[in-house]
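# Topology and contacts: notes
What follows is the residue order along each chain.
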Amino acid sequence: MRALVMTAPGGAENSEIREVDTPRPAAGEVSIDVACAGLNFMDVMARRGDAGYASSWPYRPGLEIAGTVRELGAGVTDLTVGDRVAAVALGGGGFAEVTTARAELTVPVPAAVPLQLAAAAPLGLATALLLLTEAGRFTPGDTVLVHSAAGGIGSAVAQLVPLLGGGRLLGTVSRAGRPVPGYDTVFVRGSDLAEQIRASNDGRGVDLVLDPLGTDALDLDLAVTGPTGRIVLFGNAGGGAPASLPPFGRLLGGNLTLTGFSHRSLVTGAPEKVAAATRRVLDYLAEGELSLPVTELPSLDDVTGAHDLLASGHGAGKYVARIK
Ligand SMILES: NC(=O)c1ccc[n+]([C@@H]2O[C@H](COP(=O)([O-])OP(=O)(O)OC[C@H]3O[C@@H](n4cnc5c(N)ncnc54)[C@H](OP(=O)(O)O)[C@@H]3O)[C@@H](O)[C@H]2O)c1
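A quick note: this is a predicted structure, and the numbers were derived from the prediction, not measured.

### Some remarks on the site of the ligand
S148, I153, S174, F234 and H263 are the nearest of the 26 residues found near the ligand. Residue I153 places a main-chain N or O atom 2.7 Å away from an oxygen atom belonging to the ligand. Element by element, the count of residues in the shell around the ligand is highest for helix 1 (residues 41–48), at 3 residues. Counted by class, the shell around the ligand contains 13 nonpolar, 11 polar and 2 charged residues.

Right, here's the structure in full:
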(Lines give C-alpha, C1' and ligand atoms only; values in the text may rest on other atoms or scores of the structure.)
Protein backbone atom coordinates (compact mmCIF):
# COMPACT_ATOMS: atom_id res chain seq x y z
CA MET A 1 0.00 0.00 0.00
CA ARG A 2 1.01 3.65 -0.41
CA ALA A 3 2.01 5.72 2.60
CA LEU A 4 3.63 9.08 3.29
CA VAL A 5 7.01 8.55 4.94
CA MET A 6 9.24 11.18 6.54
CA THR A 7 12.76 9.77 6.29
CA ALA A 8 14.61 12.17 8.64
CA PRO A 9 14.00 15.46 10.49
CA GLY A 10 13.88 18.41 8.10
CA GLY A 11 11.34 19.52 5.53
CA ALA A 12 9.64 18.48 2.32
CA GLU A 13 12.92 17.10 0.94
CA ASN A 14 12.61 14.24 3.42
CA SER A 15 8.95 13.42 2.71
CA GLU A 16 8.12 10.76 0.12
CA ILE A 17 5.33 8.39 -0.85
CA ARG A 18 6.49 4.78 -0.51
CA GLU A 19 5.09 1.31 -1.00
CA VAL A 20 5.03 -0.26 2.47
CA ASP A 21 3.58 -3.40 4.05
CA THR A 22 -0.12 -3.22 4.87
CA PRO A 23 -0.47 -3.16 8.67
CA ARG A 24 -2.51 -5.76 10.56
CA PRO A 25 -4.29 -4.93 13.82
CA ALA A 26 -2.85 -6.10 17.14
CA ALA A 27 -5.12 -7.13 20.01
CA GLY A 28 -7.49 -4.28 20.90
CA GLU A 29 -6.92 -2.57 17.55
CA VAL A 30 -8.65 -2.38 14.20
CA SER A 31 -7.20 -1.75 10.78
CA ILE A 32 -8.98 0.84 8.68
CA ASP A 33 -9.15 1.51 4.94
CA VAL A 34 -8.43 5.22 5.06
CA ALA A 35 -10.72 7.41 2.96
CA CYS A 36 -9.56 10.78 4.33
CA ALA A 37 -6.94 12.04 6.78
CA GLY A 38 -6.77 15.38 8.61
CA LEU A 39 -3.62 17.53 8.53
CA ASN A 40 -2.36 19.04 11.76
CA PHE A 41 0.45 21.33 12.83
CA MET A 42 1.73 18.40 14.91
CA ASP A 43 2.67 16.68 11.59
CA VAL A 44 4.92 19.69 10.93
CA MET A 45 6.40 19.59 14.43
CA ALA A 46 7.25 15.91 13.83
CA ARG A 47 8.63 16.68 10.36
CA ARG A 48 10.99 19.39 11.61
CA GLY A 49 12.16 17.11 14.45
CA ASP A 50 10.65 18.79 17.53
CA ALA A 51 11.33 16.51 20.50
CA GLY A 52 8.62 13.98 21.25
CA TYR A 53 6.54 14.26 18.06
CA ALA A 54 8.03 11.53 15.82
CA SER A 55 8.25 8.24 17.69
CA SER A 56 11.16 7.06 15.50
CA TRP A 57 12.67 7.61 12.03
CA PRO A 58 11.63 6.99 9.36
CA TYR A 59 8.32 8.37 10.65
CA ARG A 60 4.88 7.82 9.16
CA PRO A 61 2.76 10.93 9.87
CA GLY A 62 -1.02 11.32 10.04
CA LEU A 63 -2.85 11.45 13.37
CA GLU A 64 -6.57 11.55 12.52
CA ILE A 65 -8.44 9.62 9.86
CA ALA A 66 -11.85 8.48 8.66
CA GLY A 67 -12.63 5.38 6.61
CA THR A 68 -14.06 1.88 6.95
CA VAL A 69 -13.04 -0.91 9.29
CA ARG A 70 -10.99 -3.49 7.37
CA GLU A 71 -10.05 -6.04 10.04
CA LEU A 72 -10.66 -6.53 13.77
CA GLY A 73 -7.84 -7.36 16.18
CA ALA A 74 -8.32 -9.91 18.95
CA GLY A 75 -10.82 -8.85 21.59
CA VAL A 76 -12.55 -6.14 19.57
CA THR A 77 -16.28 -6.76 19.81
CA ASP A 78 -18.02 -3.39 19.49
CA LEU A 79 -17.02 -2.66 15.88
CA THR A 80 -17.72 -4.59 12.66
CA VAL A 81 -15.79 -4.90 9.41
CA GLY A 82 -17.19 -2.30 7.01
CA ASP A 83 -18.25 0.20 9.70
CA ARG A 84 -17.67 3.85 8.77
CA VAL A 85 -15.39 5.19 11.49
CA ALA A 86 -13.20 8.08 12.55
CA ALA A 87 -10.10 7.36 14.62
CA VAL A 88 -7.00 8.73 16.24
CA ALA A 89 -4.01 7.09 14.55
CA LEU A 90 -1.95 6.86 17.72
CA GLY A 91 1.69 7.65 16.99
CA GLY A 92 1.00 8.42 13.31
CA GLY A 93 0.52 6.38 10.15
CA GLY A 94 -2.73 8.04 9.04
CA PHE A 95 -1.48 9.31 5.66
CA ALA A 96 -1.63 5.80 4.21
CA GLU A 97 -4.15 3.62 2.41
CA VAL A 98 -4.51 1.44 5.52
CA THR A 99 -3.75 2.31 9.13
CA THR A 100 -4.34 0.79 12.54
CA ALA A 101 -6.03 2.40 15.53
CA ARG A 102 -6.96 1.40 19.04
CA ALA A 103 -10.60 0.33 19.14
CA GLU A 104 -11.27 2.63 22.10
CA LEU A 105 -10.18 5.60 19.93
CA THR A 106 -12.25 4.47 16.92
CA VAL A 107 -15.72 5.96 16.76
CA PRO A 108 -18.61 5.19 14.38
CA VAL A 109 -19.41 8.00 11.94
CA PRO A 110 -23.12 8.80 11.55
CA ALA A 111 -24.42 8.24 8.01
CA ALA A 112 -25.12 11.95 7.55
CA VAL A 113 -21.48 12.96 8.06
CA PRO A 114 -19.19 12.85 5.01
CA LEU A 115 -15.86 11.15 5.70
CA GLN A 116 -13.88 14.26 4.69
CA LEU A 117 -15.50 16.10 7.62
CA ALA A 118 -15.29 13.11 9.95
CA ALA A 119 -11.51 13.05 9.40
CA ALA A 120 -11.27 16.41 11.18
CA ALA A 121 -13.09 15.13 14.27
CA PRO A 122 -10.71 12.89 16.30
CA LEU A 123 -7.95 15.46 16.73
CA GLY A 124 -8.88 18.89 15.34
CA LEU A 125 -12.50 19.26 16.39
CA ALA A 126 -12.10 17.11 19.51
CA THR A 127 -9.16 19.24 20.66
CA ALA A 128 -11.11 22.46 20.08
CA LEU A 129 -14.05 21.08 22.09
CA LEU A 130 -11.86 19.80 24.93
CA LEU A 131 -9.91 23.08 25.05
CA LEU A 132 -13.15 24.96 25.55
CA THR A 133 -14.86 22.52 27.92
CA GLU A 134 -12.48 20.31 29.93
CA ALA A 135 -9.49 22.65 29.98
CA GLY A 136 -11.06 26.08 29.56
CA ARG A 137 -14.36 25.65 31.48
CA PHE A 138 -16.11 27.84 28.92
CA THR A 139 -19.36 29.44 30.13
CA PRO A 140 -21.87 31.05 27.74
CA GLY A 141 -21.16 34.74 27.45
CA ASP A 142 -17.42 34.37 28.03
CA THR A 143 -14.97 36.50 26.09
CA VAL A 144 -12.43 34.09 24.59
CA LEU A 145 -9.05 35.14 23.21
CA VAL A 146 -7.52 32.66 20.73
CA HIS A 147 -3.95 33.05 19.48
CA SER A 148 -3.17 31.91 15.92
CA ALA A 149 -6.88 32.10 15.17
CA ALA A 150 -6.48 31.58 11.41
CA GLY A 151 -5.35 27.94 11.75
CA GLY A 152 -7.30 24.70 11.96
CA ILE A 153 -7.85 24.81 15.72
CA GLY A 154 -8.70 28.52 15.58
CA SER A 155 -11.37 27.89 12.95
CA ALA A 156 -12.82 24.93 14.91
CA VAL A 157 -13.07 27.02 18.09
CA ALA A 158 -14.98 29.67 16.13
CA GLN A 159 -17.51 27.06 15.03
CA LEU A 160 -17.93 25.56 18.50
CA VAL A 161 -18.34 28.65 20.68
CA PRO A 162 -21.81 29.52 19.30
CA LEU A 163 -22.87 25.89 19.84
CA LEU A 164 -21.77 25.97 23.47
CA GLY A 165 -23.98 28.95 24.19
CA GLY A 166 -22.16 31.77 22.46
CA GLY A 167 -19.55 34.27 23.54
CA ARG A 168 -17.29 37.00 22.28
CA LEU A 169 -14.40 35.74 20.17
CA LEU A 170 -11.16 37.69 19.91
CA GLY A 171 -8.38 36.27 17.76
CA THR A 172 -4.75 37.09 17.15
CA VAL A 173 -2.66 36.45 14.03
CA SER A 174 0.97 37.14 13.25
CA ARG A 175 0.31 39.37 10.25
CA ALA A 176 -2.50 41.32 8.62
CA GLY A 177 -4.64 39.93 5.85
CA ARG A 178 -5.15 36.39 7.13
CA PRO A 179 -8.76 35.16 6.74
CA VAL A 180 -10.25 34.55 10.20
CA PRO A 181 -13.95 33.74 9.83
CA GLY A 182 -16.19 33.68 12.90
CA TYR A 183 -14.22 36.08 15.13
CA ASP A 184 -15.69 39.33 16.46
CA THR A 185 -12.33 41.09 16.43
CA VAL A 186 -8.93 40.04 15.10
CA PHE A 187 -5.66 41.63 16.19
CA VAL A 188 -2.22 41.44 14.65
CA ARG A 189 0.18 40.55 17.46
CA GLY A 190 2.31 43.62 18.17
CA SER A 191 3.49 45.98 20.86
CA ASP A 192 0.28 47.56 22.19
CA LEU A 193 -1.82 44.40 21.96
CA ALA A 194 -2.81 44.30 25.65
CA GLU A 195 -4.31 47.81 25.44
CA GLN A 196 -6.11 46.99 22.19
CA ILE A 197 -7.61 43.83 23.66
CA ARG A 198 -8.79 45.55 26.85
CA ALA A 199 -10.19 48.47 24.85
CA SER A 200 -12.15 46.08 22.63
CA ASN A 201 -13.64 44.43 25.72
CA ASP A 202 -14.89 47.63 27.43
CA GLY A 203 -11.73 47.78 29.55
CA ARG A 204 -12.41 44.39 31.12
CA GLY A 205 -10.18 41.36 31.13
CA VAL A 206 -11.04 38.35 29.02
CA ASP A 207 -12.44 35.15 30.56
CA LEU A 208 -10.48 32.53 28.67
CA VAL A 209 -7.28 32.50 26.63
CA LEU A 210 -6.40 29.59 24.32
CA ASP A 211 -2.69 29.87 23.61
CA PRO A 212 -0.65 27.56 21.32
CA LEU A 213 2.41 29.87 21.24
CA GLY A 214 4.55 28.17 23.88
CA THR A 215 5.23 30.82 26.49
CA ASP A 216 5.90 33.65 23.99
CA ALA A 217 2.56 35.34 24.71
CA LEU A 218 2.20 34.32 28.35
CA ASP A 219 3.01 37.75 29.72
CA LEU A 220 0.32 39.23 27.51
CA ASP A 221 -2.13 36.49 28.52
CA LEU A 222 -1.59 37.29 32.20
CA ALA A 223 -2.05 40.99 31.51
CA VAL A 224 -5.35 40.67 29.63
CA THR A 225 -7.11 37.92 31.62
CA GLY A 226 -9.68 39.10 34.14
CA PRO A 227 -10.28 37.79 37.67
CA THR A 228 -11.27 34.07 37.71
CA GLY A 229 -10.13 33.83 34.09
CA ARG A 230 -8.41 30.76 32.63
CA ILE A 231 -5.33 30.56 30.42
CA VAL A 232 -4.84 27.28 28.55
CA LEU A 233 -1.38 26.61 27.11
CA PHE A 234 -1.67 23.95 24.41
CA GLY A 235 1.20 24.23 21.98
CA ASN A 236 4.65 25.44 21.16
CA ALA A 237 4.33 26.48 17.54
CA GLY A 238 7.73 28.19 17.40
CA GLY A 239 9.43 25.05 18.69
CA GLY A 240 11.89 26.87 21.00
CA ALA A 241 12.50 26.25 24.69
CA PRO A 242 9.54 27.52 26.73
CA ALA A 243 10.26 30.16 29.39
CA SER A 244 9.55 29.48 33.05
CA LEU A 245 6.00 29.80 34.29
CA PRO A 246 4.82 32.96 36.07
CA PRO A 247 5.49 33.55 39.75
CA PHE A 248 2.91 32.44 42.28
CA GLY A 249 1.91 36.04 43.03
CA ARG A 250 0.72 36.76 39.52
CA LEU A 251 -1.65 33.80 39.57
CA LEU A 252 -2.79 34.38 43.15
CA GLY A 253 -3.11 38.15 42.80
CA GLY A 254 -4.85 37.84 39.47
CA ASN A 255 -7.23 35.10 40.58
CA LEU A 256 -6.09 33.24 37.49
CA THR A 257 -6.02 29.60 36.47
CA LEU A 258 -3.15 28.50 34.25
CA THR A 259 -3.61 25.08 32.75
CA GLY A 260 -2.17 22.87 30.02
CA PHE A 261 -3.81 20.67 27.43
CA SER A 262 -2.31 17.86 25.34
CA HIS A 263 -4.45 15.68 23.07
CA ARG A 264 -1.38 13.45 22.65
CA SER A 265 -1.21 12.77 26.39
CA LEU A 266 -4.96 12.50 26.80
CA VAL A 267 -5.23 9.70 24.24
CA THR A 268 -2.98 7.59 26.43
CA GLY A 269 -4.05 8.90 29.87
CA ALA A 270 -7.81 9.22 29.37
CA PRO A 271 -8.74 7.90 25.90
CA GLU A 272 -12.43 7.81 26.86
CA LYS A 273 -12.44 11.62 27.05
CA VAL A 274 -11.06 11.90 23.50
CA ALA A 275 -13.50 9.30 22.20
CA ALA A 276 -16.42 11.06 23.92
CA ALA A 277 -15.40 14.42 22.44
CA THR A 278 -15.06 12.83 18.99
CA ARG A 279 -18.55 11.31 19.30
CA ARG A 280 -19.96 14.65 20.41
CA VAL A 281 -18.56 16.64 17.49
CA LEU A 282 -19.66 13.93 15.04
CA ASP A 283 -23.18 14.18 16.50
CA TYR A 284 -23.11 17.96 16.10
CA LEU A 285 -22.05 17.49 12.45
CA ALA A 286 -24.76 14.86 11.87
CA GLU A 287 -27.45 17.15 13.32
CA GLY A 288 -26.27 20.00 11.10
CA GLU A 289 -25.54 22.11 14.19
CA LEU A 290 -21.84 22.28 13.40
CA SER A 291 -20.16 22.92 10.09
CA LEU A 292 -16.43 23.13 9.62
CA PRO A 293 -15.14 24.60 6.38
CA VAL A 294 -12.33 22.30 5.20
CA THR A 295 -9.95 22.52 2.26
CA GLU A 296 -9.93 19.09 0.65
CA LEU A 297 -6.65 17.93 -0.90
CA PRO A 298 -7.36 15.54 -3.79
CA SER A 299 -4.76 12.86 -2.92
CA LEU A 300 -1.96 11.61 -0.71
CA ASP A 301 0.47 13.25 -3.14
CA ASP A 302 -0.78 16.70 -2.09
CA VAL A 303 -0.09 16.33 1.64
CA THR A 304 3.58 17.38 1.61
CA GLY A 305 2.81 20.64 -0.21
CA ALA A 306 0.11 21.44 2.34
CA HIS A 307 2.53 20.62 5.17
CA ASP A 308 4.83 23.25 3.62
CA LEU A 309 1.97 25.78 3.86
CA LEU A 310 1.40 24.96 7.54
CA ALA A 311 5.14 25.02 8.28
CA SER A 312 5.46 28.51 6.83
CA GLY A 313 2.43 29.76 8.77
CA HIS A 314 0.44 30.28 5.55
CA GLY A 315 -2.27 27.69 6.12
CA ALA A 316 -5.89 28.87 6.27
CA GLY A 317 -8.31 26.83 8.36
CA LYS A 318 -8.47 23.04 8.25
CA TYR A 319 -7.00 20.75 5.55
CA VAL A 320 -8.14 17.18 4.93
CA ALA A 321 -6.57 14.87 2.32
CA ARG A 322 -8.52 12.33 0.28
CA ILE A 323 -6.51 9.10 0.48
CA LYS A 324 -8.67 6.54 -1.37
N1 LIG B 1 -2.05 20.46 22.71
C2 LIG B 1 -2.76 19.84 21.81
O3 LIG B 1 -3.34 18.80 22.08
C4 LIG B 1 -2.86 20.40 20.43
C5 LIG B 1 -3.73 19.80 19.50
C6 LIG B 1 -3.82 20.37 18.22
C7 LIG B 1 -3.06 21.49 17.91
N8 LIG B 1 -2.23 22.00 18.85
C9 LIG B 1 -1.45 23.20 18.55
O10 LIG B 1 -2.33 24.21 18.14
C11 LIG B 1 -1.71 25.03 17.17
C12 LIG B 1 -2.61 25.10 15.96
O13 LIG B 1 -2.66 23.81 15.37
P14 LIG B 1 -3.35 23.62 13.95
O15 LIG B 1 -3.29 22.17 13.63
O16 LIG B 1 -4.62 24.38 13.94
O17 LIG B 1 -2.27 24.34 13.05
P18 LIG B 1 -2.35 25.28 11.75
O19 LIG B 1 -3.66 25.20 11.11
O20 LIG B 1 -1.13 24.94 10.98
O21 LIG B 1 -2.17 26.68 12.40
C22 LIG B 1 -0.98 26.97 13.08
C23 LIG B 1 -0.86 28.45 13.29
O24 LIG B 1 0.27 28.65 14.13
C25 LIG B 1 0.76 29.95 13.92
N26 LIG B 1 2.19 29.91 14.10
C27 LIG B 1 2.82 30.47 15.14
N28 LIG B 1 4.12 30.23 15.09
C29 LIG B 1 4.33 29.50 13.98
C30 LIG B 1 5.52 28.95 13.38
N31 LIG B 1 6.72 29.07 13.93
N32 LIG B 1 5.38 28.26 12.23
C33 LIG B 1 4.17 28.10 11.66
N34 LIG B 1 3.02 28.60 12.20
C35 LIG B 1 3.12 29.29 13.35
C36 LIG B 1 0.26 30.38 12.55
O37 LIG B 1 -0.63 31.48 12.77
P38 LIG B 1 -0.10 32.95 13.13
O39 LIG B 1 1.20 33.09 12.39
O40 LIG B 1 -1.15 33.84 12.61
O41 LIG B 1 0.03 32.95 14.60
C42 LIG B 1 -0.56 29.23 12.03
O43 LIG B 1 -1.75 29.63 11.42
C44 LIG B 1 -0.34 24.41 16.89
O45 LIG B 1 0.63 25.09 17.64
C46 LIG B 1 -0.50 23.00 17.39
O47 LIG B 1 0.70 22.41 17.78
C48 LIG B 1 -2.11 21.50 20.08
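### As for the domain arrangement of the protein chain
Annotation of the protein chain at the domain level lists domain 1 (2–120 + 292–322) and domain 2 (125–263). For domain 1 and domain 2, the distance between their C-alpha centroids amounts to 28 Å. Taken residue by residue, the interface counts 14 residues in domain 1 and 15 residues in domain 2. Across the domain 1 to domain 2 interface the summed buried area is about 1000 Å²; carbon plus sulfur atoms make up 54%. Considering only the surface of domain 1 that becomes buried against domain 2, A120, L292 and G317 emerge as the three largest contributors, covering 34% of it. There are 0 salt bridges connecting domain 1 and domain 2. There are 8 residue pairs in polar contact (both at pLDDT 80 or more) connecting domain 1 and domain 2. Tallying contributions element by element places helix 1 first for the side of domain 1 that touches domain 2, with 3 residues.

Criteria and thresholds
One numbering rule holds for all chains: residues counted from 1, following each sequence as written. Given that the model is predicted, a residue must reach a pLDDT of at least 70 before its local features are reported, and side-chain atom pairs must reach 80 or more before they are shown or counted; all residues, however, enter totals for whole chains, interfaces and linings. To obtain the side-chain values, all non-hydrogen atoms of the structure were included, while hydrogens and water were left out. What makes a residue near a molecule or strand is one non-hydrogen atom of that residue sitting within 4 Å of it. A 3.5 Å cut-off defines polar contacts: any pair of N or O atoms within that distance qualifies, except that in protein one atom must be a possible hydrogen donor and the other a possible acceptor, and neighbouring residues in sequence count only when both atoms are side-chain atoms. Only DSSP runs of H or I reaching four residues or more are called helices, and only runs of E reaching two or more are called strands; each is numbered from the N terminus. For this classification, Asp, Glu, Lys and Arg are treated as charged, while Ala, Val, Leu, Ile, Met, Phe, Trp, Tyr, Cys and Pro are nonpolar and the rest, including Gly, are polar. Where each domain begins and ends follows an automated or database-derived domain assignment. Whether two residues are in contact is decided by their heavy atoms: any pair within 4.5 Å suffices. Two parts placed together each lose some accessible area under a 1.4 Å probe, and the buried area is that loss summed for both. A side-chain nitrogen of Lys or Arg and a carboxyl oxygen of Asp or Glu constitute a salt bridge if their distance falls within 4 Å.

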